[in-house]
Amino acid sequence: MSELLVKNGFVYDPVNNIDGEKLDVAIRDGKIVEKTRRPKILDASGMVVMPGGVDIHSHIVGSKVNSGRLLRPEDHYKDMEVKTPLTRSGVGYSIPSTFTTGYRYSRMGWTTVMDPAMAPLKAKHTHEELNDTPMLDKGAYPLLGSNWFILEYLRAKEYEECAAYIAWMMRATKGYAVKLVNPGGLEAWGFGRNVRDIDDPVPNFDITPREIVQGLCRVNRMLNLPHTIHVHANNLGKPGNYVAALETMKSVAGQADEGHPVLHLTHCQFSAFAGRDWRTFRSGAEEIAEYVNKHDHVTPNRSKFP
Ligand SMILES: [Zn+2]
């Protein structure tokens, strides 16, 4: 039995309506309890005590960040973590090394970080890097939005088969959630092309991004996975892309029941641009507010935008 008493901190716990009160928190075997008998005391005087932050989308590991590290050798002198009796050395700046990632997240109050883009063929390496990242709970989402098997299953409307394949994939890659990046467009990139909008067919596959998003949303619910599909929408970062983002959300509105979320839209800000081209490029805030006020399905049971 391990016991800990965190004393005299300013406690924040929104679920229990505790808003900065000076309280002691008793912990036994990793769980908060009413009383402890002979706890180890941790003096938190003058400090904030709060639940650990959960970051569900941060590119901290895997082949893509290693390519980034190779391109940024200057990080090694720009931002160094020096070894101490308790911690190892490392580097930061653009893409921190594993130990530095763990230390810096911990200092900011985070306890869980999920990497949202694991290439299935690089899963082993991704997990090796996660294992090397200290002090955090971690996981990763395999990239499945342009997978050939999945595109073929969805085109043929073979949802059971698609679910079986994704179940196998989750086990094989030790994945946590289904990730879609530019659904269908990633496949098109392989041939130097892209998809224009969510109804533009994927070259050689006769399936649209809309059908991929809807199909994977359906399969995700069949499998009852712990997280919704995690979607980086089409046309990310481009002028006028707010339409693709809203259409992507709208495409699965019919699958939302009892207010349960069915889709997580990532990097919203980069999916919220208006304008026809780079000269007229601007924030799409006004257009989005207008659209949301007209279409209840985007934010069911929520108050309207101002
Ligand atoms: Zn991302």
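Residues numbered from 1 in each chain as written. Predicted model: local features only at pLDDT ≥ 70, side-chain atom pairs only at ≥ 80, totals over all residues. Heavy atoms only, no water.

### A look at the overall build of the protein chain
Looking only at helices and strands, the protein chain has ten helices and 15 strands in total. Along the longest, intermediate and shortest principal axes, the C-alpha atoms of the protein chain span 65 × 45 × 45 Å. Counting over 306 residues, the protein chain shows a buried share of 42%. If you sum the accessible surface of the protein chain, you get close to 18,100 Å²; carbon and sulfur atoms cover 55% of it. Once the 37 positive and 36 negative side-chain charges of the protein chain are each reduced to a mean point, those two points are 4 Å apart. (Helix = DSSP H or I, 4+ residues; strand = E, 2+ residues; numbered from the N terminus. Buried < 20%, exposed > 50% of the residue type's maximum accessible area, 1.4 Å probe, protein only. Areas by Shrake-Rupley, 256 points an atom, 1.4 Å probe, with all protein chains shown as cover. Lys, Arg positive; Asp, Glu negative; His and termini not counted. Charge placed at Lys NZ, Arg CZ, Asp CG, Glu CD.)

### Some points on unusual backbone geometry
Notably, N204 is not glycine yet its phi reads approximately 70°, a positive angle. Non-glycine residue D206 carries a positive phi angle of around 50°. Topologically, D206 is positioned in the loop between α7 (185–189) and α8 (209–223).

### So, the pattern of salt bridges
Counting across every chain of the model gives 14 salt bridges. Residues E81 and R104 are paired through a salt bridge, measuring 3.0 Å at the closest nitrogen-oxygen approach. In this pair, E81 is assigned in strand β7 (residues 80–81) and R104 in helix α3 (residues 98–107), connecting sequence segments 23 residues apart. When salt bridges with common partners are traced through the structure, they connect D79, E81, R104 and R107 into a single cluster. (Salt bridge = Lys/Arg side-chain N within 4 Å of Asp/Glu carboxyl O.)

### Some details on the sheet that holds strand β13 (residues 263–265)
Spatially, the three strands line up as an open sheet ordered β11-β12-β13, and their pairing is parallel. Strands with a single pairing partner mark the edges of an open sheet, and in this sheet they are β11 (179–181) and β13. Direction aside, the axes of adjacent strands within the sheet are offset by 20° on average. Two elements, strand β12 (residues 229–232) and β13, share three bridges in a ladder whose sense is parallel. Residue pairing for β13: H230 is matched across the bridge by H264. (Pairing = 2+ DSSP bridges. Axes fitted to C-alpha atoms, helices over the stretch in contact; angles between N-to-C directions.)

### Things to note about the confidence of the model for the protein chain
Taken over all residues, the pLDDT of the protein chain has a mean of 93, while the share at 70 or more is 96%. Below a pLDDT of 50 lies the segment residues 300–306, which in the model reaches five contacts outside its immediate sequence neighbourhood of four places, other chains included. (pLDDT = per-residue confidence, 0-100. Contact = heavy atoms within 4.5 Å.)

### A few points about the nonpolar core
Core analysis: the largest hydrophobic core is formed by 30 residues, its most contacted members being L154, I166, L216 and I229. For this core, the secondary-structure elements that each account for two or more residues are α5 (148–155), α6 (159–173), α8, β12 and β13. Top contributing element to this core by residue count: α6, with seven residues. Of all hydrophobic cores here, the second largest spans nine residues; its members include V61, V113, L136 and A140. (Core = buried A, V, L, I, M, F, W, Y, C linked by side-chain atoms within 4.5 Å.)

### As for the environment of G102
Mapping G102 onto the fold places it in helix α3. The exposure class of G102 is buried, given its relative accessible area of 0%. For G102 and T133, which are 31 residues apart along the polypeptide, the C-alpha to C-alpha distance reads 5.4 Å. Excluding residues within four positions of it along the chain, G102 makes contact with T133, P134, M135 and L136.

### A short note on helix α1 (residues 63–71)
Within α1, burial applies to V65, G68 and R69. What you see down the axis of α1 is that its buried residues fit within an arc of 100°, all on one side. Looking at α1, the residues exposed on the side facing more than 90 degrees away from the buried face are L70 and L71. (Arc of directions from axis to C-beta.)

### Details of the packing of α5 against α8
Interaxial distance between α5 and α8 falls to 10 Å at its minimum, and their mutual angle equals 90°. As judged from the angle between their axes, α5 and α8 are roughly perpendicular. Here I150, L151 and L154 of α5 lie close against α8, whose contacting residues are E211, I212, G215, L216 and V219. Taken together, the residues of the contact of α5 with α8 sort by class into six nonpolar, one polar and one charged. (Parallel < 35°, antiparallel > 145°, perpendicular 65-115°, else oblique. Nonpolar A, V, L, I, M, F, W, Y, C, P; charged D, E, K, R; others polar.)

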